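# Summary of the model geometry
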Amino acid sequence: MLFINTRPDSRAAELTEALQNEGYQVESLPLLELVAKPFSEHLLQLYQQLLKAQAIVVVSPTAVEVGMEYLVKSGLKISDLKNIQWIAVGQATANCLNEYGIEAHIPDVETSEGMLNLPILHNMQQTGSVAFWRGEGGRQFMMETLQQQGIQILNFVLYHRQCPEASYSTFKHLTQNSNYNLNKWLVLITSEASWKYWLELCSKNNVQPDGVYLVLGPRLFQIVKEYRDQQQAHFHIIQLENLSPSGMIHHIQAL
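Presented here is a report on the structure given in the accompanying data block.

The rules behind each value
Residues numbered from 1 in each chain as written. Predicted model: local features only at pLDDT ≥ 70, side-chain atom pairs only at ≥ 80, totals over all residues. Heavy atoms only, no water. Pairing = 2+ DSSP bridges. Helix = DSSP H or I, 4+ residues; strand = E, 2+ residues; numbered from the N terminus. Axes fitted to C-alpha atoms, helices over the stretch in contact; angles between N-to-C directions. Contact = heavy atoms within 4.5 Å. Core = buried A, V, L, I, M, F, W, Y, C linked by side-chain atoms within 4.5 Å. Buried < 20%, exposed > 50% of the residue type's maximum accessible area, 1.4 Å probe, protein only. Salt bridge = Lys/Arg side-chain N within 4 Å of Asp/Glu carboxyl O. Right-handed = clockwise from strand over helix to strand, strands pointing away.

One open sheet accounts for five strands, arranged 2-1-8-9-10; its pairing is parallel. A single partner strand is all that each edge strand has here, and the edge strands are strand 2 (25-28) and strand 10 (236-240). Direction aside, the axes of adjacent strands within the sheet are offset by 25° on average. Sheet topology note: the strand 1 (residues 2-5)/strand 2 ladder contains four bridges and is parallel. When the bridges of strand 2 are listed, Phe3 appears paired with Val26. Each of strand 1, strand 2 and strand 8 (186-189) is contacted by helix 1 (residues 9-21), which is oriented at about 160° to strand 1, the strand it contacts most. Packing against the sheet, helix 10 (residues 218-231) makes contact with strand 8, strand 9 (212-216) and strand 10, and its axis sits at approximately 170° to strand 10.

Printed below as a string of structure tokens:
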């Protein structure tokens, strides 16, 4: 079986190495790259409101890097935010925040649902606000859920997503390689955006999205399952609770 590692190159190495050590063939095909949006007057106004926020939700290491860079541009210091709680989508994001001396709450499951289950958000006061350091199009479900609970959202759109240009040619090369049986591909899908770009690659190359999909969390599982049902496709879906290499290997060995 060929494993398609769709994580960004900066975050793919650990999983690729673990799979290769187990004897699996792995190809890197990043489905997302993150590009910072310019610092704007709108972002400056959001930073000025940040001091009154109860919590800051940070959704990726890129959100940490861009958010901190723009914090300086706004004239604020990290010490100005010492009374604010920080929430990181996962351990990698928490590690980046830790480099700035910030301890973050981390969900057991690295999804919007996982973060919403954190006690800190259950106890949030409706009079306060929650800031999101995020990318364009990301974490809509989580923001809408909190808004329905009466919590004000400070929406920091710090970067946009796109499919890396090199991945279009890489995908074409993989599909034309006679050594690879597309029906036996194992494909990691970690977000709705990456699923969208995967389907776009398949469509552009006239490829049926067969194989086995390892998808992160129940909501993404439902999105992929709905597509499969609508298209009357026959691919297999495995729901992951986290992105630990050992857990992924366990699922693969159980196939």
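Moving on, we get to the sheet that holds strand 5 (residues 85-88). Read across the sheet, five strands follow the order 3-7-6-4-5 without closing on themselves; strand pairing throughout is mixed. This sheet does not close on itself; its edge strands, each paired only once, are strand 3 (33-36) and strand 5. Strand-to-strand twist across the sheet, computed as the mean angle between neighbouring axes with direction ignored, equals 25°. Bridge analysis of strand 4 (residues 55-58) against strand 5 gives four bridges, and the strand direction is parallel. Bridging from a neighbouring strand, Ala55 pairs with Gln85 of strand 5.

Turning to the nonpolar core, a few remarks are in order. Grouped burial of nonpolar side chains is what soluble globular proteins tend to show. Counting 47 residues, the largest nonpolar core has Leu50, Trp86, Trp133 and Phe156 as its most contacted members. Judged by nonpolar contacts, the second largest core, of 23 residues, contains Val187, Trp198, Phe221 and Ile237.

With that settled, the discussion passes to unusual backbone geometry. Notably, Asn206 is not glycine yet its phi reads approximately 55°, a positive angle. With respect to the element layout, Asn206 can be found in the loop between helix 9 (192-204) and strand 9. With a relative accessible area of 73%, Asn206 lands in the exposed category.

Right, let's talk about the pattern of salt bridges for a bit. Pairing between side chains of opposite charge can happen when their charged atoms approach one another. Taken as a whole and assessed by the stated rule, the structure comprises five salt bridges. For Glu136, the salt bridge identified is with Lys37, shortest N-O distance 3.1 Å. Separated by 99 residues along the polypeptide, Glu136 in the loop between strand 6 (129-135) and helix 7 (140-148) and Lys37 in the loop between strand 3 and helix 2 (41-49) bring together distant segments of the chain. Residue classification places Glu136 among the partly exposed residues on the basis of a relative accessible area of 45%. The salt bridge involving Arg228 is made with Asp229; its shortest N-O contact spans 3.9 Å. What makes Asp229 partly exposed here is its relative accessible area of 43%. Ionic contacts of the salt-bridge type, sharing partners, join the residues Lys225, Arg228 and Asp229 into one network.

Our focus in this paragraph is the pairing of strand 1. Residues Leu2 and Ile4 line one face of strand 1 and the alternating positions Phe3 and Asn5 line the opposite face, and both faces are buried. Read as a crossover between parallel neighbours, the route from strand 1 over helix 1 to strand 2 is right-handed. With two bridges connecting them, strand 1 and strand 8 associate as parallel partners. Pairing of Phe3 across the sheet is with Leu186, part of strand 8.

A few words on the environment of Leu43. Counting through the fold element by element, Leu43 comes out in helix 2. Between the C-alpha atom of Leu43 and that of Val157, which follows or precedes it by 114 residues, the distance is 8.1 Å. Here Leu43 is in contact with Pro38, Tyr70, Phe156, Val157 and Leu158, once residues within four sequence places are set aside.

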